Amino acid sequence: MATEDMAVGSDALARFAADDHVLLSVQDLRVHFHTDAGVVKAVDGVSWSVAPGETLGIVGESGSGKSVSAMAVMGLVPVPPGRFPSGRIMFSGRDLLKLHEEELRGIRGKDVSMIFQDPLTSLNPVFKVGHQIAEVIQVHEKLGRIPARKRAVELLAEVGIPNPRQRADEYPHQFSGGMRQRAMIAMALALDPVLLLADEPTTALDVTVQAQIMDLLVKLQEERKTAIVLITHDLGLVAAHADRVLVMYAGKVAEVGDIDNIYYEPRHAYTFGLLSSLARLDQRRSERLDPIPGQPPSLIRVPTGCPFHPRCQFATQVCRSEVPPLTPREVAVGGLHLAACHHSDEVAAAAAASAHVMPIDPGPDGASRP
Amino acid sequence: MGKYILRRLLQMILVLIGASLILFVCLFVLPGDPIGSLAGSERVRDPVVRETLEKRYNLDKPLPVQYLTYLGNVATGDLGESFRLRRPVNDVIWEKIGNTFRLALTAIVFEIIIGVIAGIVAAVFRYSFWDVLVTVAVTLTVGFATFVTGLILQQVFALKLGWLPLSGQETPLHYILPAVTLASVSTALVARLMRGTMLEVLRADYIRTAFAKGLTKRTVILKHALRNSVIPVVTFIGIDFGTLLGGALITEVIFNWNGIGSALVTAIGAQDNPMVLGIATYSVAIFVVVNLVVDTLYGFLDPRIRLQ
Amino acid sequence: MAEESPPRARSHPPLEAPAAVDSTVVPTGEGQVAQAEPGSTFAGAESSAAAVGIRTQTQFGDLRRRFFRNKLAVLGLAVVASVFLIALLAPLLAPYDPYGQDLDDTLANPSARHWFGTDEVGRDQLSRIIYGSRIAVAIGLTSIVLALAIGVTLGAIAGYLGGAWDTVVMRIADVFFAFPFLIGAIVIILLIGRGVLPVILALAIFSWATVSRLLRSSILSIRESEYVESARSLGAGRWRIVTRHVLPNAMAPVLVFATVSVGGAIVGAAALSFLGAGVSPEVPEWGNMVAAGQPFFGYKDHLWFFPAMAVVYTVLGFVFMGDGLRDALDPRLR
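Residues numbered from 1 in each chain as written. Chains lettered and ligands numbered in written order. Predicted model: local features only at pLDDT ≥ 70, side-chain atom pairs only at ≥ 80, totals over all residues. Heavy atoms only, no water.

1. Quick notes on the overall build of chain A
A count of helices and strands for chain A gives 14 helices and 12 strands. Here the C-alpha atoms of chain A give a radius of gyration of 21 Å, agreeing with the 21 Å that 2.2 N^0.38 yields for 370 residues. Seen through its principal axes, chain A has C-alpha atoms that stretch 65 × 55 × 40 Å. Here chain A holds 370 residues, and 53% of them are scored as buried. Residue pairs at least 24 apart in sequence account for 66% of intrachain contacts in chain A once pairs closer than 6 positions are excluded. Entry remark: accessible area of chain A is about 16,400 Å², with carbon and sulfur atoms responsible for 54%. Taking the average location of the 36 positive side-chain charges in chain A and that of its 44 negative ones, the two points are 6 Å from each other. (Helix = DSSP H or I, 4+ residues; strand = E, 2+ residues; numbered from the N terminus. Rg over C-alpha atoms; globule rule 2.2 N^0.38 Å. Buried < 20%, exposed > 50% of the residue type's maximum accessible area, 1.4 Å probe, protein only. Contact = heavy atoms within 4.5 Å. Areas by Shrake-Rupley, 256 points an atom, 1.4 Å probe, with all protein chains shown as cover. Lys, Arg positive; Asp, Glu negative; His and termini not counted. Charge placed at Lys NZ, Arg CZ, Asp CG, Glu CD.)

2. So, the overall build of chain C
For chain C, the helix and strand inventory stands at 13 helices and 2 strands. For chain C, buried positions account for 60% of its 334 residues. Partitioning the intrachain contacts of chain C with sequence separation of at least 6 by distance along the chain shows that 72% fall at a separation of at least 24.

3. Topic: the environment of Leu190(C)
Within the fold, Leu190(C) resides in helix α7 (residues 181-192). Taking the C-alpha atoms as reference, Leu190(C) lies 9.8 Å from Gly278(C); in sequence the two are 88 residues apart.

4. Here's the deal with the pattern of salt bridges
As enumerated under the stated definition, the model contains 32 salt bridges over all chains in all. The partner of Glu54(A) in a salt bridge is Arg244(A), with the nearest N and O atoms 2.9 Å apart. Placement of Glu54(A) in the loop between β2 (38-50) and β3 (55-59) and of Arg244(A) in strand β9 (residues 244-249) is noted, with a sequence separation of 190 residues between them. Taken as a pair, Glu54(A) and Arg244(A) share a single burial class, namely buried. Taking the shortest distance from any N to any O, the salt bridge between Arg304(B) and Asp302(B) comes out at 3.2 Å. Sharing partners across several salt bridges, the network here consists of Asp28(A), Arg30(A), Asp44(A) and Lys252(A). (Salt bridge = Lys/Arg side-chain N within 4 Å of Asp/Glu carboxyl O.)

5. Structural notes on the sheet that holds β2(A)
Residues and elements named next belong to chain A. With antiparallel pairing, 4 strands are arranged side by side in an open sheet as β2-β1-β4-β5. The open sheet has two edge strands with one neighbour each: β2 and β5 (94-95). Lying on the sheet, helix α2 (residues 66-74) is in contact with β1 (24-35), β2 and β4 (82-91); it crosses β1 at an angle near 105°. (Pairing = 2+ DSSP bridges. Axes fitted to C-alpha atoms, helices over the stretch in contact; angles between N-to-C directions.)

6. Remarks on helix α7 (residues 146-160) of chain B
Residue and element names in this part refer to chain B. For α7, which comprises 15 residues, the first-to-last C-alpha distance of 20 Å matches the rise-based estimate of 21 Å (1.5 Å per residue) to within 8%. In the structure, α7 departs most strongly from a straight axis at Gln154, where the bend amounts to approximately 25°. Within α7, the full set of buried residues consists of Thr146, Phe147, Val148, Thr149, Gly150, Leu151, Leu153, Gln154, Gln155 and Ala158. (Expected span 1.5 Å × (residues − 1). Bend = angle between axes of the 7 residues up to and from the residue.)

7. Topic: the sheet that holds β3(A)
Residue and element names in this part refer to chain A. Across the sheet, which stays open at both edges, the 8 strands sit in the order β6-β7-β8-β3-β9-β10-β12-β11 with mixed pairing between neighbours. Only two strands of the sheet have a single partner each, and these edge strands are β6 (112-115) and β11 (327-328). By the bridge criterion, 5 bridges tie strand β7 (residues 195-199) to strand β8 (residues 227-232) in an arrangement that is parallel. By the bridge assignment for β8, Ala198 is matched with Leu230. Each of β9 and β10 (252-258) is contacted by helix α12 (residues 269-277), which is oriented at about 105° to β9, the strand it contacts most.

8. So, the interface of chain B and chain C
Contacts between the two partners involve 71 residues from chain B, matched on the other side by 60 residues from chain C. Note on chain B versus chain C: buried area summed over both sides is about 5,500 Å², and carbon and sulfur give 75% of it. Of all residues in chain B, Phe147(B), Leu151(B) and Arg192(B) give up the largest surface area on contact with chain C, accounting jointly for 11% of the area buried on that side. Here chain B and chain C share 1 salt bridge between them. The closest approach of N and O atoms between Asp323(C) and Arg192(B), which form a salt bridge, is 3.9 Å. When residues in the side of chain B that touches chain C are grouped by element, the largest group, 11 residues, is from helix α13 (residues 273-301) of chain B. (Buried area = accessible area lost by both parts, 1.4 Å probe.)

9. Focus on the interface of chain A and chain B
Residue-level contacts link 25 residues of chain A with 21 residues of chain B. At the boundary of chain A with chain B, total buried surface from both sides reaches about 2,200 Å², with 61% on carbon and sulfur atoms. Run the count over chain A and chain B and you get 13 residue pairs in polar contact (both at pLDDT 80 or more). Of all the secondary-structure elements, those providing two or more residues to the side of chain A that touches chain B are α2, α4 (119-122), α5 (129-141) and α8 (177-189) of chain A. The greatest single-element share of the side of chain A that touches chain B, amounting to 6 residues, is contributed by α5(A). (Polar contact = N/O pair within 3.5 Å; in protein donor to acceptor, adjacent residues only side chain to side chain.)

10. Brief notes about the packing of helix α12 (residues 286-293) of chain C against helix α13 (residues 302-329) of chain C
Helix-helix packing is described using two parameters, namely the angle between the two axes and the distance between the axes. All names here are of chain C. It is at 7 Å that the axes of α12 and α13 come closest, and there the two elements cross at 150°. One finds that α12 runs roughly antiparallel with respect to α13. Seen from above, α12 lies across α13 with left-handed handedness. In this structure, α12 contributes Trp286, Met289, Val290 and Gly293 to the contact, and α13 contributes Leu303, Trp304, Pro307, Ala308, Ala310, Val311 and Thr314. By residue class, the composition of the contact of α12 with α13 is 9 nonpolar, 2 polar and no charged. (Parallel < 35°, antiparallel > 145°, perpendicular 65-115°, else oblique. Left-handed = near helix turned anticlockwise from the far one by under 90°. Nonpolar A, V, L, I, M, F, W, Y, C, P; charged D, E, K, R; others polar.)

11. Some points on the packing of aromatic side chains
Summed over all chains, the structure comprises 19 aromatic pairs over all chains. Ring centres of Phe24(B) and Tyr67(B) lie 5.2 Å apart, and the angle between their planes is 65°; on these two criteria the pair is classed as edge-to-face. Of this pair, Phe24(B) sits in helix α1 (residues 2-29) while Tyr67(B) sits in helix α4 (residues 63-75); the two residues are 43 residues apart in sequence, bridging distant segments of the chain. Judged by its relative accessible area of 4%, Phe24(B) is buried. For Tyr67(B), a relative accessible area of 13% gives the class buried. Relative to Phe306(C), the ring of Phe305(C) lies with its centre 5.7 Å away and its plane at 75°, an arrangement referred to as edge-to-face. Taken together through their ring pairs, the aromatic side chains of Phe116(C), Phe297(C), Trp304(C), Phe305(C) and Phe306(C) make up a single cluster. Taking NZ or CZ as reference, Arg167(A) lies 5.3 Å from the ring centre of Phe175(A), over its face. Here the basic side chain of Lys223(B) rests over the ring of Phe127(A), its NZ or CZ set 5.4 Å away from the ring centre. (Phe/Tyr/Trp six-rings, centres within 6.5 Å; stacked < 30°, edge-to-face > 60°. Lys NZ or Arg CZ within 6 Å of the ring centre and 35° of its normal.)

12. A short note on the environment of Gly98(B)
Residues and elements named next belong to chain B. Tracing the backbone through its elements, the reader meets Gly98 in helix α5 (residues 89-124). Residue classification places Gly98 among the partly exposed residues on the basis of a relative accessible area of 25%. In this structure the C-alpha to C-alpha distance between Gly98 and Tyr67, which are 31 residues apart in sequence, comes to 30 Å.

13. Some thoughts on unusual backbone geometry
Positioned with a positive phi, Asn163(A) is a non-glycine residue whose angle comes to about 55°. Tracing the sequence through the fold places Asn163(A) in the loop between α6 (145-158) and α7 (164-167). The phi angle at Gln271(B) is positive, at roughly 55°, despite the residue not being glycine. Its location among the elements puts Gln271(B) in the loop between α12 (260-269) and α13.

So this is what it looks like as structure tokens:
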């Protein structure tokens, strides 16, 4: 990797990290949608942060609020139905929620980028792919058509698309799914943003293609030191690629911590439930899968107290009445680990005893990750 | 794309054949005495006329031959002769088509400008006063069918206010009321179609991506959204143009417009069958051809069709 | 070989024949194809059918509730009901005989004796308008029912049997689409002559094609849909699938179209009469009355104005009702 690249990366970082360790800080964010049916509390008091160059995985079921938080960062939440009763999103010293549209526009696509789930519908079908990539460059960098297009072709090559010059003149429907997502990545990383929000980037793709796309993201991240927020419902994806994980449930943060700790020492009943329900390679065939009973709650009528209590095996009276605060928990090794659960200790005990949550037998090289 | 056009062309030919069959049946087969319907009640007994017509249309030969003769005639532009005017239908059409064409063009221009803009405004400012205004206007205009709109406009603007002339087509001012009348229902529908399509498009994922790239709202709407929304609207307008070229019957009657529409209506009153069917043939032919052109245009506009 | 998982959205198929760009087609005025609601982006009736009633079966009670919540729809229903009522009770409501001439009192302006004035042979306009509603309702309903009968049958054949049947039916439909509405109707009238029945036939002949195209694309979308697949995988037989799942949902856009089209048919009949190619001239029909008022334009305007308003009133009723029906059936609004 050329030294120039590293220099560029660190310059960008120097511009944006007020505090060396925090690139983006979401603080007590609430996003409520006022609809005819009631107020949908999509995000209800969520805080998280991303450090430069790290990969934060945000995991949760559909309706957990994970996508909406990311949209809030980008300022893409439609504001008539949506409102922000509380919260700040701090980025390079500014609260993104308080910025004017023009200032936000300067950030979108340039400092913070987002890629979405379905690359077929996320690309405009009537414009050429190369043009759509060049567009983001032209908007932010005042580049002419020809140099912008040249850069677009280079980007297509960087994301591993063969025949980039020819492909740049083609339309999205002429690309395969994996290639489209690569093109979207090219578009998102064109201006070297310091933060990339990836909302279910591989969900719409075949499994083999998923791995390729993730590898591409990892490679680009290493080269450019981009921080990535990986939003997904796929625990396996997060396990392979994230540094830290945030688990969301019903618009609130359930648990957050280093990846190993989340997977091997969960402290929230929901996380424990998720992990227990996973099918594992080393699981015996006769063992039954253990799903979490019930359904995720409606965000209009969120249960009182801890939103997970109706489905929780550890639930008691206090869970029904008091919202558990997000508090630090003891873990064996590693950074800050927070969980919002009244019965963290019981969860810890259950996890330690569970065959499911045990690490896979480490191989001869001592690596404990699958 | 070539295959697409070819397919459409074949379809068009099939349709033309089918339509010509219907018209042939109407003119030659169903009326008891085709000569009667071709020559009119006055001249039907004139032996000279009978002989001319018989020869021209091969009326003594079997039906299939008659049909082919008819088809051949039509293809070469011979649409028969009006017995009221004693002139070839073709000549009459040729004379009046200019007026109809100009009127249709004016109407289309009006329709495009007002309809598209109204639709965009209604979609972008959804639920606002403008949206409500457009929606109400659309519903009312559609409900007030063309002939009602025409009469009312004529009454108010020509008669009562005297701003615009009552009928005829001499000056550009003469074009206004007829064109607006003609365009009224279509404009409403274009506006509604544009609004609906735009609303759908604005919900699309690629619009979200466009915003995520940092584009201005203006660019997103006028470039990304519009380019996708116009496709069905262009198709509609094209088809409409085909219809209008076929003769704006009601408008031409109300405003005494000397085009093929009023020629057709006069012919109906005079029971001048060849004229009626001749103009009908022309209308159908032009409508079908315009549809083909529109289809091709649609293929060009949508790259998903254009490229395999 | 495709890399990706099956695309979420169906790719939009191109228009087969462009005439009806969108779902509901209403003939108005010049024979332009009018549309009641732009369904969705590209393809014609296909996507609009997809927009209405694809996922769930409509429960009648649920439908009724949603319809009645919509004030405009209720207004439309009221208007339509009033027209039907007037048509039914015409002999009781009309103050005079609609054919009765009073040569002493011709071209009278509206007064206490004749609320809507009289025409050139002294016939009471109000009575003629009231009786006109009978003609309007008769023509409107009959022609659309006829169009439905033909269109649904052929459309169902094309949609469900597919293959050669589909092609043949659609090509035939294309031929009928080639005629601008009024022109086509005029050709038929020319053939058969003027009168109520010819008008009904003419209108039906040029409306069935849209019905069958609508139904066909409805059926096509539903056939492929997931819930039909699941019904099939649960072992439901073909007949059960058709009657319980496919038909009720496929009929939805067709019914919306039919409702609005009755209004369109009434306008069409009036337009034809206005042009002299509709019902016989002495019949009290709104279009006829407007035509009769033409020579007196600007000086005895009551002659054309009231019948014209009758047309507008009726059509708007059907339009509102149709819109309301469409909104009630749209699963996306649930």
